[in-house]
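# Summary of the model geometry
Listed below are the residues making up each chain.
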Amino acid sequence: MTAPLLRLSGVTAYYGAIQALKGVDLEVHQGEIVTLIGANGAGKSTLMMTICGTPRARDGRIEYDGTDITRLPTHEIMRRGLAQAPEGRRIFPRMSVQENLLMGAHGRTGPHAAASAEEVFALFPRLKERLEQRGGTLSGGEQQMLAIGRALMSRPRLLLLDEPSLGLAPLVVRQIFGAIRDLNRATGLTVLLVEQNAYQALRLANRGYVLVNGAITMAGGGAELLARPEIRAAYLEGGH
Ligand SMILES: Nc1ncnc2c1ncn2[C@@H]1O[C@H](COP(=O)(O)OP(=O)(O)OP(=O)(O)O)[C@@H](O)[C@H]1O
Ligand SMILES: [Mg+2]
């Protein structure tokens, strides 16, 4: 088997004296969709941000595409083909849809940016109809599409998505998850997806990890994890 695109070994992270990650091992292979599920406060967002270098991993090692990126500055990490759609969308509310997208292009301009934008519009046609609208006035679902679209503007190899379904109606969640799947199939884009919506996430993903209190407690195929009674009890009760 080829080396994973992303490999975390024994990664810890702290906020002051509080340890948020307690020795995480995780791998994402080229072309996979991998999901990380876990309860509020488990450390999911911290894990995503640690991959990008803020906060820094204190122990352990993070490798991307065969290179040790553990101590690289965040902008250097992002330049290597990672892109993140952070939790809470973090779009620029006063900028137009078009300007928000360009912020994600990281200096790619002219025809390159235009070509990336066309790919984003193929995925989310609604954004094209709203190019001049201010980000802050988009609906929640449209803002999430914009956040994902912005991350895609740099043509990443690895897309980090932190709770894209948060606060969205089931129909919009299906649209967004459908778009992620289509993109993965069409372009081979590798995706690490953080979700509380465990049912949808495990159905979409090739593999999943469960994070409890800063440590991975379970790992396996998406379907395999979905079938486990302890997953059903902890993350799927009350329906989907
Ligand atoms: N900037 C910060 N300073 C101090 N503690 C933090 C900071 N950010 C997160 N934490 C703490 O680290 C722990 C993990 O938080 P994190 O945001 O990674 O959880 P999460 O799994 O993403 O949760 P959620 O599902 O609610 O988004 C929590 O106890 C949180 O309070
Ligand atoms: Mg979070």
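For the structure, see preceding data.
Definitions and limits used
Residues numbered from 1 in each chain as written. Chains lettered and ligands numbered in written order. Predicted model: local features only at pLDDT ≥ 70, side-chain atom pairs only at ≥ 80, totals over all residues. Heavy atoms only, no water. Buried < 20%, exposed > 50% of the residue type's maximum accessible area, 1.4 Å probe, protein only. Helix = DSSP H or I, 4+ residues; strand = E, 2+ residues; numbered from the N terminus. Pairing = 2+ DSSP bridges. Right-handed = clockwise from strand over helix to strand, strands pointing away. Expected span 1.5 Å × (residues − 1). Contact = heavy atoms within 4.5 Å. Axes fitted to C-alpha atoms, helices over the stretch in contact; angles between N-to-C directions. Near = heavy atom within 4 Å. Polar contact = N/O pair within 3.5 Å; in protein donor to acceptor, adjacent residues only side chain to side chain. Areas by Shrake-Rupley, 256 points an atom, 1.4 Å probe, with all protein chains shown as cover. Nonpolar A, V, L, I, M, F, W, Y, C, P; charged D, E, K, R; others polar.

The next point concerns the pairing of strand β8 (residues 190-195). Burial of β8 is extensive: six of the six residues sit out of reach of the surface. Examined bridge by bridge, strand β3 (residues 33-37) and β8 share five bridges and lie parallel to one another. Within the sheet, the bridge partner assigned to Val34 lies in β8 and is Leu192. Judged from the five bridges that link them, strand β7 (residues 158-162) and β8 form a sheet pairing that is parallel. Bridge assignment links Leu159 to a residue of β8, and that residue is Val191. One crossover worth recording links β7 to the parallel β8 by way of helix α7 (residues 170-187), and it is right-handed.

Another aspect to go through is α7. Helix length check: α7 (18 residues) gives 26 Å between terminal C-alpha atoms against 26 Å at 1.5 Å per residue, within 8%. Turning to α7, its buried residues are Val172, Val173, Ile176, Phe177, Gly178, Ala179, Ile180, Leu183 and Asn184. On its buried face, α7 sits against β3, α4 (110-123), α6 (140-152), β7, β8 and α8 (198-204). At the exit of α7 stands Gly188, carrying a positive phi of roughly 75 degrees.

Turning to the sheet that holds strand β6 (residues 82-85), a few remarks are in order. What the six strands build is an open sheet, ordered β6-β7-β8-β3-β9-β10; its pairing is mixed. The open sheet terminates on both sides in strands that have one partner only, identified here as β6 and β10 (215-221). If you compare each strand with its neighbour and ignore which way they point, the axes differ by 15 degrees on average. The strands that helix α10 (residues 229-236) touches are β3, β9 (207-212) and β10; relative to β9, the one it contacts most, it runs at about 65 degrees.

Positionally, Thr35 belongs in strand β3. When sequence neighbours within four positions are dropped, the list of residues in contact with Thr35 reads Leu193, Glu195, Ala201, Leu202, Ala205, Arg207, Gly208 and Tyr209.

Quick look at the sheet that holds strand β1 (residues 6-15) now. Overall, antiparallel pairing links the four strands, which are arranged β2-β1-β4-β5 in an open sheet. The sheet terminates laterally at β2 (18-28) and β5 (67-68), the two strands that pair on one side only. Inspection of the sheet shows β1 paired to strand β4 (residues 61-64) by four bridges, in the antiparallel sense. Bridge pairing links Leu6 to Tyr64 in β4. Against the sheet, helix α1 (residues 44-51) makes contact with β1, β2 and β4, and its axis sits at roughly 115 degrees relative to β1, the strand it touches most.

All right, on to the environment of Leu131 then. Within the fold, Leu131 resides in the loop between α5 (125-129) and α6. C-alpha separation for the pair Leu131 and Asn100, spaced 31 residues apart in sequence, amounts to 9.5 Å. Sequence-distant contacts of Leu131, that is, excluding residues within four places in its chain, are made with Ser96, Val97, Gln98 and Phe121.

This brings us to the site of ligand 1. The local shell around ligand 1 consists of Tyr15, Ala39, Asn40, Gly41, Ala42, Gly43, Lys44, Ser45, Thr46, Glu87, Glu163 and Gln196. One of the side-chain N or O atoms of Thr46 is found 2.5 Å from an oxygen atom in ligand 1. At 3.2 Å from an oxygen atom of ligand 1 is found a side-chain nitrogen or oxygen belonging to Glu163. Protein contacts shield 59% of the accessible area of ligand 1, which totals 640 Å² for the unbound molecule. Counting residues per element, the shell around ligand 1 draws most heavily on α1, which supplies three residues. Tallied by class, residues from the shell around ligand 1 come to three nonpolar, six polar and three charged.

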